[in-house]
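Residues per chain are reported as follows:
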Amino acid sequence: MRSPDAVYEVMRCAPSTRRFRSDPVPRETIERVLDNARFAPSGGNRQGWRVIVVTDAGTRQRLRELYAEPWAEYTAGARELLDSGQAPRRLRVADEYAHTFDQAPVHLVVCVMLEALAIVDRDLERPSIVGGASIYPFVQNVLLGLRAEGLGAAFTTLLAPVEDEVRSLLSIPDGVALAGHISAGYRADPWPKRLSREPVEAFVFGERYGEAFAPG
């Protein structure tokens, strides 16, 4: 059993990577990550995740082209700032990623069998959320596994609006939905020494929402 500190160290330094080296990633490394990620929990232990590993340059290019349209729509309000170079750095890096999307040597297209989702909030008068509990713990395991292997990764759901085109490109059958996309490869930039996140007291409450989570 690994020490808690080793696990927490990976959790604390697994940032989104949007600049990749061109070095190929060994197949056995990706297989090892997925072999361990499969132990994630899922509704009814149905394990409905399905992953398409894409390394072909032509397919990666087509995925970049498909990503471009929803990205343009997503950033429409900030396009003037981006074009002038005055956008925040995080947005400029994300925009660069959108235009170099295919340069990541490995693309993991994460899908889920719809029949495996436990969508227990489907009848509430708000967007459904909890069905993702049957797939996104697996995604997080993949991201942490990639980090443990010294690989950078970026997870996005921005291909969802063009799911039909992705379905056609990758021969995804009916009954299987696109859950997200992971770019993976060796990181071009140095790993950050520290990530910026809100402190626990900013989002954790005790007994009631809004009440302080005081030490016992």
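The structure displayed is predicted, hence computed values, not measured ones. (Residues numbered from 1 in each chain as written. Predicted model: local features only at pLDDT ≥ 70, side-chain atom pairs only at ≥ 80, totals over all residues. Heavy atoms only, no water.)

1. Here's the deal with the pattern of salt bridges
- On inspection of all chains with the given rule, the structure shows twelve salt bridges.
- In this structure, Arg19 engages Asp189 in a salt bridge whose closest nitrogen and oxygen atoms are separated by 3.5 Å. Placement of Arg19 in the loop between α1 (4-12) and α2 (27-37) and of Asp189 in the segment after β4 (176-185) is noted, with a sequence separation of 170 residues between them. (Salt bridge = Lys/Arg side-chain N within 4 Å of Asp/Glu carboxyl O. Helix = DSSP H or I, 4+ residues; strand = E, 2+ residues; numbered from the N terminus.)

2. Concerning the nonpolar core
- Counting residues in each nonpolar core, the largest one holds 26 residues, and the members touching the most others are Tyr67, Trp71, Val109, Leu159 and Val166.
- Within the residue set of this core, elements represented by two or more residues are α3 (57-74), α5 (89-99), β2 (106-113), α7 (163-170) and β4.
- Setting aside residues no more than four positions away along its own chain, Leu159 makes contact with Leu63, Leu66, Tyr67, Phe101, Val166, Leu178 and His181.
- In terms of nonpolar packing, the next biggest core, distinct from the first, is built from 24 residues, Ala37, Ala40, Val112 and Ile182 among them. (Core = buried A, V, L, I, M, F, W, Y, C linked by side-chain atoms within 4.5 Å. Buried < 20%, exposed > 50% of the residue type's maximum accessible area, 1.4 Å probe, protein only. Contact = heavy atoms within 4.5 Å.)

3. Side note on the pairing of β4
- Burial within β4 is extensive, with ten of its ten residues counted as buried.
- Direction of pairing for β2 relative to β4: antiparallel, over a ladder of eight bridges. Residue pairing across strands places Val112 opposite Ala177, the latter belonging to β4.
- Sheet analysis places strand β3 (residues 152-156) next to β4, joined by five bridges and oriented antiparallel. Of the residues in β4, the one forming a bridge with Gly152 is Gly185. (Pairing = 2+ DSSP bridges.)

4. Quick word on unusual backbone geometry
- Positive phi values are uncommon outside glycine, yet Gln47 reaches one of about 50°.
- Inspection of the secondary structure puts Gln47 in the loop between α2 and β1 (49-54).
- Positive phi is not limited to glycine here, since Ser171 has a value of about 60°.
- One can find Ser171 in the loop between α7 and β4.
- On the basis of relative accessibility, which here comes to 62%, the residue Ser171 falls in the exposed class.

5. Focus: the sheet that holds β4
- With antiparallel pairing, the four strands of this open sheet are ordered in space as β1-β2-β4-β3. The open sheet has two edge strands with one neighbour each: β1 and β3. Between one strand axis and the next, the sheet turns by 25° as a mean value, whatever way the strands run.
- Contacts between α7 and the sheet are confined to β1, β2 and β4, with β4 contributing the most and set at about 75° to the helix. (Axes fitted to C-alpha atoms, helices over the stretch in contact; angles between N-to-C directions.)

6. Considerations on the environment of Val33
- Within the element layout of this structure, Val33 appears in helix α2.
- A relative accessible area of 5% places Val33 in the buried class.
- Sequence separation between Val33 and Ala148 is 115 residues; the distance between their C-alpha atoms is 8.8 Å.
- Excluding its chain neighbours within four sequence positions, the residues that come into contact with Val33 are Val142, Gly145, Leu146 and Glu149.

7. Here we look at the packing of aromatic side chains
- Going through the model one piece at a time under the given rule, you end up with eight aromatic pairs.
- Pairing Tyr67 with Trp71 gives two aromatic rings, centres 6.3 Å apart and planes at 10°, and the pair type is stacked. Here the residue Tyr67 and the residue Trp71 both occupy positions in helix α3, the gap between them amounting to four residues, near one helical turn.
- Residue Trp71 is classed as buried on the basis of its relative accessible area, which comes to 7%.
- Taking the relative accessible area as the measure of exposure, Tyr67 reaches 3% and is therefore buried. (Phe/Tyr/Trp six-rings, centres within 6.5 Å; stacked < 30°, edge-to-face > 60°.)

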